[in-house]
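Architecture at a glance
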Amino acid sequence: MKVLVVGAGQMGGGIAHVAALSGDEVTLLDREQRFVDAAIATMRKNLDRGVEKGRVTAHDRDAALERITPAVAWGEFDVDVAIEAATENEELKREIFRKLDAATPERTILASNTSSISITQLASVTKRPERVIGMHYMNPVPVMKLVEIIRGIATAPQTYETIRKLAVQHGKTPVEARNYPGFISNRILCPMLNEAVFALQEGVGTVESIDTVMKLGMNHPMGPLELADFVGLDTLLAIMEVLVDGYGDPKYRPCTLLREYVDAGWRGRKAGLGFYDWRSGERRARTDLTASGVPAFASDGAGASSGAVVSPAASGGNGTR
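The structure contained in this document is the topic of the report that follows. (Residues numbered from 1 in each chain as written. Predicted model: local features only at pLDDT ≥ 70, side-chain atom pairs only at ≥ 80, totals over all residues. Heavy atoms only, no water.)

**Focus: the pattern of salt bridges**
Using the following cut-off: For salt bridges, the criterion is a side-chain nitrogen of Lys or Arg within 4 Å of an Asp or Glu carboxyl oxygen. Only DSSP runs of H or I reaching four residues or more are called helices, and only runs of E reaching two or more are called strands; each is numbered from the N terminus. Buried, partly exposed and exposed residues are distinguished by accessible area as a fraction of the type maximum, computed with a 1.4 Å probe on protein chains only: under 20%, between the cut-offs, and over 50%, respectively.
The final tally for this structure, using the stated rule, is 21 salt bridges. Among the salt bridges present, the one from Arg 107 reaches Asp 80, with a minimum N-O distance of 3.5 Å. Highlighted residues: Arg 107 in the loop between α4 (90-103) and β5 (109-112) and Asp 80 in the loop between β3 (68-71) and β4 (81-84), separated in sequence by 27 residues. The class for Asp 80 is partly exposed, based on a relative accessible area of 27%.

Here it is, written out as structure tokens:
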């Protein structure tokens, strides 16, 4: 199958990886060559690691890399499926779907890797709503086995069946979700991550204690604040905004501290700083913040940044939501 992946970030690069490894001919499109080059370099590194561990043969690695065609300009793409994997921004995605509708043959299925945005709304900007569908991979794509498949109200049964088979070909387990904000995965996951940020803001626990409770007490492989850093705090904020707008329920309102981190550029692992310090390439505790995740007031002295617990009022986390 011929597949176009739009967006060479973490998700798009991962989708291109599994598609090429499964035998698809893949065009990887982004607005700048450096983004495409970085995605292919990451793919090569991950495939090399797979060869070292015996999960992938050298032949399969080389064949997968040869199936990737980089692209940095819109043109005509004669593909069977186009998968949009851009930032979780509805207006950006709508614009990409307009371009895909014009740049691909009528037969092409247009899929979105959105984790929360309505498929029906994305389909509405095209002339082929029956061939628009959600195909939500999990991060990191080469590792995680799930793909959520979401039909818009006009999605044709054949479109669903084609995408279901493609997910299986990519080594994934497809699960269908209804076209509600956040679908299944992020309607459940993201409010939990957001609540962990509230717990931090209100001084219920430190970053380490919140994550330790969920790992040891709930048997989660990763704590919610570390997972939020992996998801991307900007992505988490965008999804929470989709949920609160879509359902009109204040229980989905984003935590103020989450918004402040994003405003500061502390977007998680990809930015080097989030609830943890990732600048060394490894997870490290941050030493520049109070236990409530905010900078200490000058009057607090240096001791507050050492991890000493401060009251919610002193840290600016007064419990107000």
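Here the narrative resumes, following the displayed structure.
**Observations regarding the packing of aromatic side chains**
Rule in force here: Any two of the Phe, Tyr and Trp rings considered here, Trp counted by its six-membered ring, make a pair once their centres fall within 6.5 Å; the pair's planes then place it as stacked at under 30 degrees, edge-to-face at over 60, or tilted in between. In this analysis the charged atom, NZ for Lys or CZ for Arg, is taken to sit over a ring once it is within 6 Å of the ring centre and within 35 degrees of the ring normal.
One pass over the structure, following the stated rule, counts 6 aromatic pairs. Plain terms: the ring middles of Tyr 261 and Trp 266 are 5.1 Å apart, the flat faces sit at 90° to each other, and that makes the pair edge-to-face. Taking the centre distance of 6.2 Å and the plane angle of 70° together, the rings of Tyr 276 and Trp 278 count as edge-to-face. Of the two residues examined, Tyr 276 and Trp 278, each falls in the buried class. Sitting over the ring of Tyr 160, Arg 151 keeps its end group 4.2 Å from the ring centre. In this arrangement the basic side chain of Arg 286 is found over the ring face of Trp 266, its NZ or CZ atom lying 4.0 Å from the centre.

**Describing the pairing of strand β6 (residues 132-137)**
Put simply, the test is: At least two DSSP bridges between two strands are required for those strands to pair.
Within β6, 6 of the 6 residues are buried, which leaves it mostly tucked inside the rest of the structure. In β6, alternate side chains face the same way, and those of Val 132, Gly 134 and His 136 on one face and Ile 133, Met 135 and Tyr 137 on the other are all buried. Bridge count between β5 and β6: 3 bridges; the pairing is parallel. By the bridge assignment, Ala 111 is partnered in β6 with Ile 133. Here β6 runs beside strand β7 (residues 146-151); their pairing, made up of 5 bridges, is antiparallel.

**Considering the nonpolar core**
Just so we agree on the cut-off: What we call a nonpolar core is a set of buried Ala, Val, Leu, Ile, Met, Phe, Trp, Tyr and Cys residues that are connected through their side-chain atoms within 4.5 Å. What makes two residues a contact is simply this: any of their non-hydrogen atoms within 4.5 Å.
The biggest cluster of nonpolar side chains holds 34 residues, and the ones touching the most others in it are Leu 28, Ile 68, Ile 83, Met 135, Tyr 137 and Ile 163. No other element matches helix α1 (residues 10-21), which puts 6 residues into this core. Leave out the neighbours within four places in its chain, and Ile 83 touches Val 3, Leu 4, Val 5, Val 6, Ile 15, Ala 111, Met 135 and Tyr 137. Within the second largest apolar cluster, 30 residues are counted, among which are Leu 236, Leu 243, Val 262 and Trp 266.

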